[in-house]
Amino acid sequence: MPSSDKPTTTDEDPGAHDRAAPGKAAADTALLEAFGGVWGMVDTTVPGLVFVLIYTINRDIHSAAIASLALTAVLAAARLVRRQTLKHALSGVFGVAFGAIFAMMSGDAKNFYLPGMLYTLGLAVAYIVSALARFPLIGVLLGPVLKENLSWRTRNPGRFRAYTKSTWAWGLILFAKSAILFPLYWWSDATHLGWVKVALGIPPFLLCVYLTWIFLAKAPPPIDVIAEMESAEKAEAAGRTAPAADGAPSAADGAAPDAVVATGAEPRPRGQARHRR
């Protein structure tokens with residue numbers, strides 16, 4: 001196997017552990033941020049909690065839906081004030097908006113949770129299919145965040161295995177969550193479904209993130225392909241500005257023949273005296 005295909009290990013390079021430590025710390029931080037972090041959990045969980053709480057108290061779909069949608073808008077505005085990304089907040093806004101519309105139009109409070117349930121089931125299927133296709137979705141999502149892009153597929157087999165395991169974990173856990181919620185949607189009431197869905201909001205997510213962190217912590221560090229490209233560009237630029245290679249004619253060496261051509265005089269042997277008039 002070529003050396004570029006082998007992951008770096010601490011046994012081969014004693015200083016690899018020290019160099020990999022900052023990279024792993026950055027990867028751990030990026031991992032949590034990639035999945036939304038603490039505020040992402042708030043955006044996706046609290047509006048559903050508000051809906052089921054208000055609906056349990058007054059059994060009014062409209063007031064519960066409007067309150068949850070208003071709270072989602074407030075959370076998105078708070079992200080704007082803190083200058084945070086709106087990616088996860090917008091997904092929460094659209095999810096709550098679709099759920100509120102379905103619930104109010106159908107008159108069935110259970111439909112408030114249906115868009116989120118369908119999204120979870122679709123995501124579970126996507127994770128499982130991508131793992132079977134040997135193109136794990138977790139690697140596709142985290143590769144750009146960790147500046148390794150898709151280098152893990154051909155140059156870092158340890159991370160390829162870790163991403164595959166992580167993708168299987170996400171797919172199976174989300175599929176198990178769907179297997180619990182859909183029977184409740186069909187056979188239980190809206191209050192029961194709502195409280196179970198809220199209870200299953202954060203724990204499965206934390207379990208998925210934790211397993212992903214475990215798998216990646218045991219894998220080789222990511223290959224920073226962005227830094228590699230920048231180094232290659234700098235080396236190329238330095239090569240273009242390097243001095244002429246040894247043996248190339250200098251300006252002084254080329255001056256005499258040019259002068260002979262210009263004057264039409266024949267060259268004199270070295271040491272011959274110049275005749276005076």
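Residues numbered from 1 in each chain as written. Predicted model: local features only at pLDDT ≥ 70, side-chain atom pairs only at ≥ 80, totals over all residues. Heavy atoms only, no water.

Caption draft 1: Main features of the packing of aromatic side chains. Counted according to the given criterion, the structure contains twelve aromatic pairs. Taken together, a centroid distance of 5.2 Å and an interplanar angle of 90° make the contact between Phe112 and Tyr113 edge-to-face. One aromatic cluster is present, built from ring pairs that chain together Phe51, Tyr55, Phe112 and Tyr113. Here the guanidinium or amino end of Lys110 rests over the ring plane of Tyr185, the centre of that ring lying 5.6 Å away. (Phe/Tyr/Trp six-rings, centres within 6.5 Å; stacked < 30°, edge-to-face > 60°. Lys NZ or Arg CZ within 6 Å of the ring centre and 35° of its normal.)

Caption draft 2: Highlighting the side chain of Ser151. Tracing the sequence through the fold places Ser151 in the loop between α6 (137-145) and α7 (157-187). Among the residues examined, Ser151 registers a relative accessible area of 7% and is labelled buried. A distance of 2.8 Å separates the side chain of Ser151 from the backbone oxygen of Glu148, its partner in a polar contact. With residues up to four places along the chain from it excluded, the contact list for Ser151 reads Asn156, Ile223 and Val225. (Helix = DSSP H or I, 4+ residues; strand = E, 2+ residues; numbered from the N terminus. Buried < 20%, exposed > 50% of the residue type's maximum accessible area, 1.4 Å probe, protein only. Polar contact = N/O pair within 3.5 Å; in protein donor to acceptor, adjacent residues only side chain to side chain. Contact = heavy atoms within 4.5 Å.)

Caption draft 3: Spotlight on the environment of Ser68. By the secondary structure assignment, Ser68 is in helix α3 (residues 61-81). Using a relative accessible area of 0% as the deciding quantity, one classes Ser68 as buried. Separated by 18 residues in sequence, Ser68 and Val50 place their C-alpha atoms 5.7 Å apart. Not counting the four nearest positions on each side in its chain, Ser68 is found in contact with Pro47, Val50, Phe51, Val96 and Phe112.

Caption draft 4: Expanded view of α6. Of the residues making up α6, those classed as buried are Ile138, Gly139, Leu142 and Gly143. Projected down its long axis, α6 shows its buried positions confined to an angular sector of 120°, all on one face. One or two residues past the end of α6 sits Lys147, with phi positive at roughly 65°. (Arc of directions from axis to C-beta.)

Caption draft 5: Looking closely at the side chain of Thr191. Secondary-structure assignment places Thr191 in helix α8 (residues 190-199). Here Thr191 falls in the buried class, since its relative accessible area comes to 11%. Setting aside residues up to four positions removed in sequence, Thr191 forms contacts with Val52, Tyr55, Thr56 and Arg59.

Caption draft 6: Representation of the confidence of the model for the protein chain. Overall, the predicted model of the protein chain reaches an average pLDDT of 77, with 70% of residues at or above 70. When pLDDT is averaged over each helix and strand of the protein chain, the minimum, 44, is found for helix α11 (residues 251-263) and the maximum, 95, for α7. (pLDDT = per-residue confidence, 0-100.)

Caption draft 7: Representation of the nonpolar core in the model. Core analysis: the biggest nonpolar cluster contains 23 residues, and Phe51, Phe112, Tyr113, Met117 and Leu193 have the highest contact counts within it. Mapped by element, the contributors of at least two residues to this core are α2 (37-58), α3, α4 (87-106), α5 (114-132), α7 and α8. Among all residues touching Met117, those that are not within four sequence positions of it are Ser178, Leu181, Phe182, Tyr185, Leu193 and Lys197. Ile138, Leu146, Trp170 and Ile173 belong to the second largest nonpolar core, which has 18 residues in total. (Core = buried A, V, L, I, M, F, W, Y, C linked by side-chain atoms within 4.5 Å.)

Caption draft 8: Quick look at the packing of α5 against α6. It is at 7 Å that the axes of α5 and α6 come closest, and there the two elements cross at 95°. By the angle class used here, α5 and α6 are roughly perpendicular. Taking contact as the criterion, the partners of Ala126, Tyr127 and Ser130 in α5 are, on α6, Leu137, Ile138 and Leu141. Taken together, the residues of the contact of α5 with α6 break down into five nonpolar, one polar and no charged. (Axes fitted to C-alpha atoms, helices over the stretch in contact; angles between N-to-C directions. Parallel < 35°, antiparallel > 145°, perpendicular 65-115°, else oblique. Nonpolar A, V, L, I, M, F, W, Y, C, P; charged D, E, K, R; others polar.)

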